[in-house]
Amino acid sequence: MTFVYKDYDGLGLATLIRNKEVTKEEVLQAAIQEIESHNGALNAVNNKFYGDGRVPRSVESGRFEGVPVLLKDHLQQEVSGETITSGSRVYQHYKGKVDSSFVKKLKSSGVAILGQTNIPEFALMGITEPALHGPTRNPWNVDYTPGGSSGGSAAAVSVGMVPIAGANDGGGSIRIPAAFCGIFGLKPTRGRTPVGPSYGRNWQGASVDHVLSRTVRDSAAMLDELKTTERGAAYQAIPFDQSYLEIMNKPMGKPLTIAYSTQSPIGSDVDAECKEAVLKTAKLLEEMGHHVEEKDAPVDGAKIAKSYIHMYFGEVAASLRGMEELLGRTTRFGDVEPTTWLLGLLGRVTTAEEFVLSIQEWDRASYQMEEFHQQYDLYLTPTTAFPPSKIGELNSTGFEKVLIELVGRLGWAGLLKKAGMINQIVENSLRRTPFTQLANLTGQPAMSAPLHLTKDGLPCGVQFIAPKGKEDILFQLAGELERTELWLPPVYKIKNHT
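Bear in mind that the values here come from a model prediction, so they are computed numbers and not experimental data.

What counts as what
- Residues numbered from 1 in each chain as written.
- Predicted model: local features only at pLDDT ≥ 70, side-chain atom pairs only at ≥ 80, totals over all residues.
- Heavy atoms only, no water.
- Helix = DSSP H or I, 4+ residues; strand = E, 2+ residues; numbered from the N terminus.
- Buried < 20%, exposed > 50% of the residue type's maximum accessible area, 1.4 Å probe, protein only.
- Lys, Arg positive; Asp, Glu negative; His and termini not counted.
- Salt bridge = Lys/Arg side-chain N within 4 Å of Asp/Glu carboxyl O.
- Polar contact = N/O pair within 3.5 Å; in protein donor to acceptor, adjacent residues only side chain to side chain.
- Contact = heavy atoms within 4.5 Å.
- Expected span 1.5 Å × (residues − 1).
- Arc of directions from axis to C-beta.
- Pairing = 2+ DSSP bridges.
- Axes fitted to C-alpha atoms, helices over the stretch in contact; angles between N-to-C directions.
- Parallel < 35°, antiparallel > 145°, perpendicular 65-115°, else oblique.
- Nonpolar A, V, L, I, M, F, W, Y, C, P; charged D, E, K, R; others polar.
- Phe/Tyr/Trp six-rings, centres within 6.5 Å; stacked < 30°, edge-to-face > 60°.
- Lys NZ or Arg CZ within 6 Å of the ring centre and 35° of its normal.

Undergrad: Teacher, can you tell me more about the side chain of D209 here?
TA: Tracing the backbone through its elements, the reader meets D209 in strand β6 (residues 208–213). Buried charge D209 goes without a salt bridge, the closest partner of opposite sign being K72 at 7.3 Å. At 2.7 Å, the side chain of D209 and the side chain of Q76 are in polar contact. Not counting the four nearest positions on each side in its chain, D209 is found in contact with Q76, Q77, F102, A167, N168, P188, T193 and N202.

Structure, rendered in structure tokens:
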């Protein structure tokens with residue numbers, strides 16, 4: 001047979017290998033060729049587990065035996081003995097101590113891990129432009145970002161380097177790059193996938209690990225492999241004993257009732273293309289027989305955003321403190337990127353009272369959304385408020401750089417807080433991506449589906465949020481949508497590149 005690697009998703013490649021129509025070695029070599037062909041233009045893979053005599057192999061047999069994957073270069077996907085930088089020069093020589101529980105589960109599915117993908121420093125941004133490794137570019141147009149923080153994984157999957165790549169999502173980091181790269185991304189329910197053994201919770205439970213994929217069935221099958229109940233973890237998801245892969249292929253038992261909104265929860269602008277993506281999807285859903293109604297989620301978007309940012313500040317401050325053991329000294333300005341340092345300083349001036357009140361806001365929103373879902377099966381919004389930005393477009397201005405450096409060096413974060421700058425920071429940070437944080441804070445599953453292409457030829461995703469524990473509904477609906485004309489085909493060939 002003539003084997004065309006990019007014609008197959010992960011399950012398709014596994015079937016070929018199992019039926020001995022192609023060998024594992026042929027598949028791995030095809031994947032490596034794709035990485036080598038495209039990575040120079042995209043800068044998606046920053047650490048390769050092959051070359052110099054290294055040959056990646058499947059560690060175990062399983063459903064995805066022999067299927068090449070990439071991991072996110074993040075401590076939550078730590079690999080024993082491998083460099084894992086988390087996008088920061090501080091960690092550029094750090095070697096993983098153990099396989100994370102996520103990596104162990106991934107390996108048990110039979111995959112062959114080929115390397116790690118680029119992320120912003122500490123996975124903090126919705127773009128992937130770290131000072132350490134440089135920017136990752138979007139295969140649909142290399143002048144634009146693939147999003148973040150799982151931007152390297154999204155670009156690699158979108159162009160066909162691998163069918164599946166590791167990702168995690170603490171505020172949209174699976175869904176944002178999925179939306180920008182025209183692929184599928186689902187954030188599971190809090191506690192559905194493993195977080196150990198180095199952590200019992202990530203970002204107070206806001207962050208969850210899963211994968212990015214070109215096909216819905218790969219995501220569903222991989223969640224079948226990854227789902228677990230970790231006894232030592234802080235959170236366990238509502239048990240689901242069936243197969244997501246089997247469920248996604250079953251027709252809906254009844255039409256869904258779906259609420260939708262195109263309004264930013266923080267009152268900021270939403271681009272017309274992102275609104276159109278939702279309205280087109282709503283019309284399609286009605287044609288498919290589902291009931292669709294315009295209705296905003298019953299939460300205070302401004303409070304949700306502020307509570308998210310308080311957690312964000314605190315987590316960055318804790319990360320900087322945790323670096324001190326690695327450095328053997330107190331962390332200081334210059335160890336990390338200036339914006340990261342400023343976020344850490346803001347974490348140090350955030351009080352314990354503010355932090356607790358923020359977590360209480362998460363819980364309040366969780367109950368409000370559970371009541372909302374008594375009437376609506378799903379909540380539909382744009383994944384992002386704007387299409388992808390250009391590389392460097394969101395860089396700080398000259399004045400902002402001077403201000404950040406001044407505040408960082410002199411430790412004046414408290415003055416920014418007293419001056420009422422926190423609300424401005426919230427709006428600046430979330431203006432382009434205000435829709436995704438809600439599901440992180442409430443612990444609900446949510447997905448981004450590739451259902452719109454802008455007039456400039458850039459993907460624009462739509463987001464669906466489901467009640468806790470109901471990934472099965474998301475997979476079922478995604479399976480239906482994947483068979484429609486709105487679903488974007490893979491890009492495969494890098495555009496706007498010579």
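Undergrad: How should I be thinking about helix α11 (residues 352–372) in this particular structure?
TA: Residue pairs three or four apart in sequence face the same way in an α-helix, which turns once every 3.6 residues. Between the first and last C-alpha of α11 there are 30 Å, a value that for 21 residues agrees with the 30 Å anticipated at 1.5 Å per step. Those residues of α11 lying buried are S358, E361, W362, A365, S366, M369 and F372. Down the axis of α11, the smallest arc covering the buried residues is 145°, so these residues share one side. For α11, the exposed residues set more than 90 degrees away from the buried face come down to A352, E353, Y367 and E371.

Undergrad: Would you take a moment to explain the pairing of strand β4 (residues 164–169) for this structure?
TA: Each regular strand carries side chains that alternate between the two faces of the sheet. By the criterion of burial, β4 is predominantly enclosed, with 6 of the 6 residues buried. Of the two faces of β4, the one holding I164, G166 and N168 and the one holding A165, A167 and D169 are both buried throughout. Note that strand β2 (residues 68–72) and β4 share 2 bridges and pair parallel. The partner of V69 across the bridge, within β4, is I164.

Undergrad: Looking at this model, I keep getting lost on the packing of helix α9 (residues 301–327) against helix α10 (residues 338–348). Mind explaining?
TA: Between two packed helices, the angle of one axis relative to the other and the distance separating the axes together describe the packing. Direction vectors running N to C along α9 and α10 enclose 105°, while the axes themselves pass 7 Å from each other. It follows that α9 is roughly perpendicular to α10 by the angle criterion. Listed contacts from α10 to Y312, F313, G314, V316, A317 and L320 of α9 are T340, W341, L343, G344, L346, G347 and R348. When grouped by side-chain class, the residues that make up the contact of α9 with α10 number 8 nonpolar, 4 polar and 1 charged.

Undergrad: What is the right way to read the packing of aromatic side chains from this model?
TA: Aromatic ring pairs are defined here through the distance separating the ring centres and the angle between the ring planes. A complete count under the given rule lists 14 aromatic pairs for this structure. Counting every residue linked through ring pairs, the aromatic cluster contains F184, F240, Y244, F475 and W487. Of note, R348 hangs over the ring of W341, and the distance from its end group to the ring centre comes to 5.3 Å. Geometry around F386 places R431 over its ring, the cationic atom sitting 5.1 Å from the centre.

Undergrad: What is the right way to look at the pattern of salt bridges in this model?
TA: Side chains carrying opposite charge are able to pair once their charged atoms draw close together. Counted according to the given criterion, the structure contains 18 salt bridges. Salt-bridge contacts for E36 lead to K48; the nearest nitrogen and oxygen are separated by 2.8 Å. On the criterion of sequence distance, the pair formed by E36 in helix α2 (residues 24–42) and K48 in strand β1 (residues 45–48) is long-range, its members being 12 residues apart. By relative accessible area, which is 44% here, E36 ends up partly exposed.

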